[in-house]
Amino acid sequence: MSEPPASDLTARGLDPMAVDAALRRLARADEAPWLHREVARRMAERLAIIRLQPAQLIDWWSWLGAGAELLANAYPAARRIAVEPTPALRSRSESALRAPWWSTRRWTSPAPIVLGEGDELPRGTQLVWANMMLHAVVDPPALFARWERALAVDGFVMFSCLGPGTLRELRALYGRLGWPVPTPNFIDMHDLGDMLVQAGFADPVMDQETITLQWPSTQALLDELRSLGGNASPLRAGGLRTPRWQRRLLRELESLAGADGRPALAFEVAYGHAFRAAPRLRGGEETTVSLDDMRAMVRGRRAGPVS
């Protein structure tokens with residue numbers, strides 16, 4: 001992950017080195033976070049509104065996104081390509097996607113492929129699926145542009161990520177105590193929609209929901225947050241915190257408890273999908289168009305307007 005200038009880090013609110021450290025730690029977990037699995041299930045329900053049946057799809061940050069089985073069930077005949085951000089996560093995906101010897105998928109479905117995030121992406125993909133990972137990306141517009149280049153005309157991207165309403169109670173608590181920020185900045189879904197359009201996507205649809213989680217104790221709350229990643233804000237507290245500070249944090253978190261005595265936090269989840277539009281040619285300008293895109297443009301012209 002290349003490191004942008006410090007001004008960009010502050011604007012986006014992400015430290016790439018902290019993101020990489022969190023990814024290395026999460027790769028050692030027994031399974032993907034519960035919240036990621038739940039959001040993947042909800043996002044998979046939205047596939048029903050898309051009539052296109054992908055012959056090839058890309059599952060971005062597949063293991064942590066926890067959508068591999070859902071995608072296999074939705075599109076059993078599709079060629080699935082998992083893309084992972086670190087070698088450890090790539091290894092986890094390779095193990096998870098390897099079909100058991102007794103599974104009929106070994107003969108009825110194309111074998112999944114696992115790529116590193118820096119590898120060249122195959123063109124002509126009909127779906128890019130990215131569950132609960134965009135909030136950990138330093139440069140979302142650059143990633144949207146890369147997805148757009150990988151997609152076939154009329155292919156679509158579908159993603160989810162955390163929005164600015166996430167952990168608002170925790171941020172308010174830290175602010176009241178005068179502590180450094182506990183979270184990075186999260187991008188508003190309307191800004192994500194604008195980024196999609198700038199990257200060349202058409203008809204972006206964005207919406208969001210708030211999921212409130214409760215825990216039996218403040219320690220359980222902290223354990224859950226750690227399983228989701230880490231604080232990658234460049235404005236976070238520097239250095240290690242002491243056991244004394246952690247004990248105070250646990251006491252302060254008790255203020256988040258409701259009438260039942262269980263602490264709770266809200267997570268805003270943003271969902272988005274958009275289609276790759278056919279390229280537009282402008283007279284008098286030199287334009288490079290792939291053969292597949294040219295065929296799609298010709299088919300569109302032959303079809304003519306629909307009344």
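Residues numbered from 1 in each chain as written. Predicted model: local features only at pLDDT ≥ 70, side-chain atom pairs only at ≥ 80, totals over all residues. Heavy atoms only, no water.

A. Quick peek at the overall build of the protein. The helix and strand tally for the protein stands at 13 helices and seven strands. Here the protein, with 307 residues, has 47% of them falling under the buried criterion. In the form shown here, the protein has an accessible surface area of approximately 16,300 Å², with 52% of it arising from carbon and sulfur atoms. (Helix = DSSP H or I, 4+ residues; strand = E, 2+ residues; numbered from the N terminus. Buried < 20%, exposed > 50% of the residue type's maximum accessible area, 1.4 Å probe, protein only. Areas by Shrake-Rupley, 256 points an atom, 1.4 Å probe, with all protein chains shown as cover.)

B. Inspection of the pattern of salt bridges at higher detail. Inspection of every chain in the model, using the stated rule, returns eleven salt bridges. Residue Arg42 pairs with Glu209 through a salt bridge whose shortest N-O separation is 3.0 Å. Of this pair, Arg42 sits in helix α3 (residues 34-45) while Glu209 is found in strand β6 (residues 201-214), placing the two residues 167 residues apart along the sequence. The exposure class assigned to Arg42 is partly exposed, which follows from its relative accessible area of 23%. By relative accessible area, Glu209 is classed as partly exposed at 23%. Its salt-bridge partner being Asp119, residue Arg90 comes within 3.5 Å of it at the nearest N-O pair. (Salt bridge = Lys/Arg side-chain N within 4 Å of Asp/Glu carboxyl O.)

C. Main features of the pairing of strand β5 (residues 151-162). A large share of β5 lies buried, amounting to eleven of its twelve residues. Relative to β5, strand β4 (residues 125-131) runs parallel, the two sharing six bridges. By the bridge assignment for β5, Val128 is matched with Val157. A crossover connection joins β4 to the parallel β5 through helix α8 (residues 140-150); in handedness this β-α-β unit is right-handed. In this structure, β5 lies alongside strand β7 (residues 264-276), joined through seven bridges in antiparallel fashion. Pairing of Ser160 across the sheet is with Tyr271, part of β7. (Pairing = 2+ DSSP bridges. Right-handed = clockwise from strand over helix to strand, strands pointing away.)

D. Representation of the packing of helix α9 (residues 168-177) against helix α12 (residues 243-253) in the model. One can describe the packing of α9 onto α12 by two numbers: an axis separation of 11 Å at closest approach and a directional angle of 120°. Judged on the interaxial angle alone, α12 and α9 are oblique. The way α9 lies across α12 gives a crossing that is right-handed. Residue-level contacts link Leu170, Leu173, Tyr174 and Leu177 of α9 to Trp245, Arg248, Leu249, Glu252 and Leu253 of α12. Across the contact of α9 with α12, the residue classes tally to seven nonpolar, no polar and two charged. (Axes fitted to C-alpha atoms, helices over the stretch in contact; angles between N-to-C directions. Parallel < 35°, antiparallel > 145°, perpendicular 65-115°, else oblique. Left-handed = near helix turned anticlockwise from the far one by under 90°. Contact = heavy atoms within 4.5 Å. Nonpolar A, V, L, I, M, F, W, Y, C, P; charged D, E, K, R; others polar.)

E. Structural detail: α12. Taken residue by residue, α12 has Trp245, Leu249, Leu250 and Leu253 as its buried positions. Along the long axis of α12, the arc covered by the buried residues comes to 140°, so they all point the same way. Across from the buried face of α12, at angles greater than 90 degrees, the exposed residues are Pro243, Arg244 and Arg251. For α12, the secondary structure elements touched by its buried residues are α9 and α11 (218-228). (Arc of directions from axis to C-beta.)

F. Examining the side chain of Thr86 more closely. Along the chain, the position of Thr86 falls in the loop between β2 (79-84) and α6 (87-97). The class of Thr86 is buried, set by a relative accessible area of 10%. Polar side-chain contacts of Thr86 include one of 3.2 Å to the backbone nitrogen of Leu89. (Polar contact = N/O pair within 3.5 Å; in protein donor to acceptor, adjacent residues only side chain to side chain.)

G. Representation of the packing of aromatic side chains within the structure. Summed over the entire model, instances satisfying the criterion amount to six aromatic pairs. Both rings, one in Trp60 and one in Trp147, keep their centres 5.8 Å apart while their planes meet at 70°; by these two values the pair is edge-to-face. One end of the pair, Trp60, is in strand β1 (residues 56-60); the other, Trp147, is in helix α8, and 87 residues separate them in sequence. For Trp60, a relative accessible area of 1% corresponds to the buried category. Arranged with centres 5.1 Å apart and planes meeting at 50°, the rings of Trp179 and Trp245 form a pair that is tilted. Remark: Trp245 occurs in helix α12 and Trp179 occurs in the loop between α9 and α10 (189-198); sequence separation between them is 66 residues. One exposure class covers both Trp179 and Trp245, and it is buried. Ring pairs connect the aromatic residues Trp60, Phe144, Trp147 and Phe159, which therefore count as one cluster. Geometry around Tyr271 places Arg46 over its ring, the cationic atom sitting 3.8 Å from the centre. (Phe/Tyr/Trp six-rings, centres within 6.5 Å; stacked < 30°, edge-to-face > 60°. Lys NZ or Arg CZ within 6 Å of the ring centre and 35° of its normal.)

H. A look at the nonpolar core. In this structure, Trp60, Phe144 and Trp147 are the most contacted members of the largest nonpolar core, which totals 42 residues. Sequence-distant contacts of Trp60, defined by excluding residues within four places in its chain, comprise Val83, Glu117, Leu121, Trp129, Ala130, Asn131, Met133, Leu143, Arg146 and Trp147. Membership of the second largest hydrophobic core comes to 39 residues, among which are Leu173, Leu213, Leu221 and Leu265. (Core = buried A, V, L, I, M, F, W, Y, C linked by side-chain atoms within 4.5 Å.)

I. Geometry of α11. Taken residue by residue, α11 has Thr218, Leu221, Leu222, Glu224, Leu225 and Leu228 as its buried positions. Take α11 and look down its axis: the buried residues cluster within an arc of 160°, on one side only. Summarising the contacts, the buried residues of α11 are in contact with α2 (16-26), α3, α9, β6, α12 and β7. In the segment just after α11, Gly229 is the residue with positive phi, at about 145°.

Any functional reading would require information that these geometric values do not contain.
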